[in-house]
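Here's the letter readout for the chains.
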Amino acid sequence: MNILAIETSVPHASLCLSMDGKTVFSTEWDAERNHDSFLFPALQGAMDALADAPLDYVLVGAGPGSYGGVRVALAAGVGVSSVTGARLVAEESWAQLAEPGACVVADARRGGWTVRRPDGRIEVLSPEELQALTCPVISTEPAGRLSHLNLCALQKEGMYPTATGLVSTWLKKSEAEQLAAAARPAEPIYVRPPHITAAARKPWEI
């Protein structure tokens with residue numbers, strides 16, 4: 001099985017190509033709002049490594065995380081899928097960070113915190129609700145970022161999803177689980193409804 005994985009839901013983004021269970025190409029980069037500047041050169045490197053071999057899946061980290069980063073990756077994934085015939089799959093980025101009984105936490109901005117519960121539910125909590133958690137915490141935030149919240153069971157900080165992690169999580173799925181995932185629409189994981197702004201003027205008035 002040959003898999004191209006793209007993880008751009010976080011500022012420290014990555015891409016890898018796995019062929020028959022071995023990583024043959026891997027690269028990482030730091031980006032905030034310019035993932036596309038780095039993504040397409042990385043894609044070229046992966047396609048060069050793939051050469052004439054078939055590609056079975058394109059995995060994209062669907063978040064939670066950067067809305068723009070995920071959309072860029074999905075757009076690129078659609079293009080690669082169209083050219084190669086590979087199946088495009090949007091996979092939860094945080095699944096690879098999860099540990100039994102632990103919550104995964106990140107700053108959701110606007111006063112909220114995104115939390116992945118041990119059962120896989122993803123929701124936005126207030127600081128007070130976050131402090132009330134009784135499970136160990138894995139955080140994608142830098143070390144010390146949660147210290148002011150006085151969480152009772154801080155387990156790990158500074159964790160982040162990677163493209164190789166996407167592949168590893170995918171390969172642990174059964175064939176039936178993979179086919180079911182591939183049948184779902186490839187779309188981002190929204191922790192809040194997408195915020196869409198209206199143009200101040202109609203296009204024909206500008």
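Above: the structure in question.
These remarks concern the structure in this document. (Residues numbered from 1 in each chain as written. Predicted model: local features only at pLDDT ≥ 70, side-chain atom pairs only at ≥ 80, totals over all residues. Heavy atoms only, no water.)

## Let's talk about the nonpolar core
Ranked by size, the top nonpolar core spans 25 residues in total, and within it Leu4, Leu15, Leu43, Leu55 and Val58 carry the most contacts. Residue assignment for this core shows that the elements contributing at least two residues are strand 1 (2-7), strand 2 (12-19), helix 1 (35-50), strand 4 (57-61), helix 2 (67-84) and strand 5 (87-91). Residue contacts for Leu4: discarding those within four places in its chain leaves Leu15, Cys16, Leu17, Leu43, Ala46, Met47, Leu55, Tyr57, Val58, Leu59 and Val80. (Core = buried A, V, L, I, M, F, W, Y, C linked by side-chain atoms within 4.5 Å. Buried < 20%, exposed > 50% of the residue type's maximum accessible area, 1.4 Å probe, protein only. Helix = DSSP H or I, 4+ residues; strand = E, 2+ residues; numbered from the N terminus. Contact = heavy atoms within 4.5 Å.)

## A short note on the packing of aromatic side chains
Enumeration over the complete set of coordinates arrives at two aromatic pairs. Aromatic pair Tyr67 and Tyr190: ring centres 5.9 Å apart, planes at 35 degrees, arrangement tilted. Separated by 123 residues along the polypeptide, Tyr67 in helix 2 and Tyr190 in the segment after helix 5 (175-183) bring together distant segments of the chain. Given a relative accessible area of 45%, Tyr67 falls into the partly exposed group. Of the residues examined, Tyr190 reaches a relative accessible area of 37% and is grouped as partly exposed. (Phe/Tyr/Trp six-rings, centres within 6.5 Å; stacked < 30°, edge-to-face > 60°.)

## Considering the environment of Gln96
Take Gln96: it is sitting in the loop between strand 5 and strand 6 (103-109). Not counting residues up to four positions away in its chain, the partners in contact with Gln96 are Glu7, Pro161, Thr162, Gly165, Leu166 and Thr169. Within the local environment of Gln96, its side chain forms a polar contact with the backbone nitrogen of Thr162, the two atoms lying 2.9 Å apart. (Polar contact = N/O pair within 3.5 Å; in protein donor to acceptor, adjacent residues only side chain to side chain.)

## Observations regarding helix 2
Here helix 2 spans 26 Å end to end across 18 residues, near enough to the 26 Å set by a 1.5 Å rise per residue. For helix 2, the set of buried residues is Gly69, Val70, Ala73, Leu74, Ala76, Gly77, Val80 and Ser81. Gly85 occupies a position one or two residues after helix 2 and carries a positive phi of about 80 degrees. (Expected span 1.5 Å × (residues − 1).)

## Overview of the side chain of Asp107
Mapped onto the elements, Asp107 comes out in strand 6. Looking at Asp107, the relative accessible area reads 19%, which means it is buried. Within polar-contact distance, the side chain of Asp107 engages the backbone nitrogen of Arg109 at 2.7 Å. What Asp107 contacts, discounting residues up to four positions off in sequence, is Gly112, Trp113, Glu141 and Arg145.

## Regarding the environment of Arg87
Assignment of secondary structure puts Arg87 in strand 5. What makes Arg87 partly exposed here is its relative accessible area of 42%. When the C-alpha atoms of Arg87 and Val58 are compared, they prove to be 6.0 Å apart, with 29 residues separating the residues in sequence. With residues up to four places along the chain from it excluded, the contact list for Arg87 reads Asp56, Tyr57, Val58, Leu179 and Ala182.

## Some thoughts on the sheet that holds strand 5
Read across the sheet, five strands follow the order 3-2-1-4-5 without closing on themselves; strand pairing throughout is mixed. Where the open sheet ends on each side, the last strands, each with one partner, are strand 3 (22-30) and strand 5. In this sheet, adjacent strand axes meet at a mean angle of 15 degrees when their direction is disregarded. Two elements, strand 1 and strand 2, share six bridges in a ladder whose sense is antiparallel. Its bridge partner lying in strand 2, Asn2 is registered against Met19. Across the face of the sheet, helix 4 (residues 163-171) comes into contact with strand 1, strand 2, strand 3, strand 4 and strand 5 while running at roughly 130 degrees to strand 1. (Pairing = 2+ DSSP bridges. Axes fitted to C-alpha atoms, helices over the stretch in contact; angles between N-to-C directions.)

## Description of unusual backbone geometry
The omega angle of the peptide bond from Gly63 to Pro64 is 10 degrees, so this bond is cis rather than trans. Along the chain, the position of Pro64 falls in the loop between strand 4 and helix 2. The residue Ala51 is not glycine, and still its phi comes out positive at about 55 degrees. Although it is not a glycine, Arg110 adopts a positive phi angle of roughly 50 degrees. Within the secondary structure layout, Arg110 lies in the loop between strand 6 and strand 7 (112-116). Arg110 sits in the exposed class, given a relative accessible area of 69%.

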